[in-house]
Amino acid sequence: MGKYRKLGRTSDQRKALLRSQVTQLLYHGKIVTTEAKAKEIRKIAEKLIAMAVREKDNYEEVTVKAKVARKDADGKRIKEVVNGKKVSLYDEVDKTIRKDMPSRLHARRQMLKVLYPVTKSETTRPDGKVVTSNKRKDKQKIDLTGKLFNEIAPKYAGRNGGYTRIIKLGPRRGDGAMQVIIELV
């Protein structure tokens, strides 16, 4: 018996499919898929979450000086004329940042090998309506590794495995494949 399911695809297609579904599972919290795919997704997702739980507190806080543009009441940069050119004014501010220790940095890079980049193109208007935009400037990058370390890992800190749950829904109408929901517990 093989060590993994081939899912009727070539290796590059299978890896892309599984990466995509693991990314969506970690972003949304649950997805609907077939039972065979869910069992493969579970293996990958559980390894990523276990890695995040192991390395969640492995960082040090460092204070650094950063230049921040001075802004007016409307949020626009304040500029002054120097030698005939408009130049933005900057203030020096002390910021506290989290600096990953080497093993956490390695874990982050291992996660980035599996996860696809996620962009959020939805914005909420003041009236509460959610609007989807196709403009490049409106798209916002989501840090999934940060979500793994800061949100998901603390939730599962006292748990030894079993981070996902598979719930059977029944056969699919088209081909009779068993449909399941895979979700984070």
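Asks: Could you clarify how one ought to interpret the sheet that holds strand β11 (residues 178–184) in this entry?
Replies: Backbone hydrogen bonds are what pair the strands of a sheet, in a parallel or an antiparallel way. Strands sit in the order β1-β11-β10 across an open sheet of 3 strands; the sheet is antiparallel. Edge positions in the open sheet fall to β1 (30–34) and β10 (164–171), since each of these has one partner strand only. Neighbour to neighbour, the strand axes of the sheet diverge by 25 degrees on average, direction disregarded. Summarising the sheet, β1 and β11 pair through 5 bridges and their orientation is antiparallel. Bridge pairing in β11 links V32 to I181.

Asks: When you look at the pattern of salt bridges in this model, what are you seeing that I'm missing?
Replies: If the charged atoms of two oppositely charged side chains come close together, the side chains can form a pair. All told, the structure shown has 11 salt bridges when counted by the stated rule. For D100, the salt bridge identified is with R104, shortest N-O distance 2.9 Å. As a salt-bridge pair, D175 and R172 come within 2.9 Å of each other at their nearest N and O atoms. Residue classification places D175 among the exposed residues on the basis of a relative accessible area of 52%. Classification of R172 as partly exposed rests on a relative accessible area of 34%.

Thresholds, definitions, all that
- Residues numbered from 1 in each chain as written.
- Predicted model: local features only at pLDDT ≥ 70, side-chain atom pairs only at ≥ 80, totals over all residues.
- Heavy atoms only, no water.
- Pairing = 2+ DSSP bridges.
- Helix = DSSP H or I, 4+ residues; strand = E, 2+ residues; numbered from the N terminus.
- Axes fitted to C-alpha atoms, helices over the stretch in contact; angles between N-to-C directions.
- Salt bridge = Lys/Arg side-chain N within 4 Å of Asp/Glu carboxyl O.
- Buried < 20%, exposed > 50% of the residue type's maximum accessible area, 1.4 Å probe, protein only.

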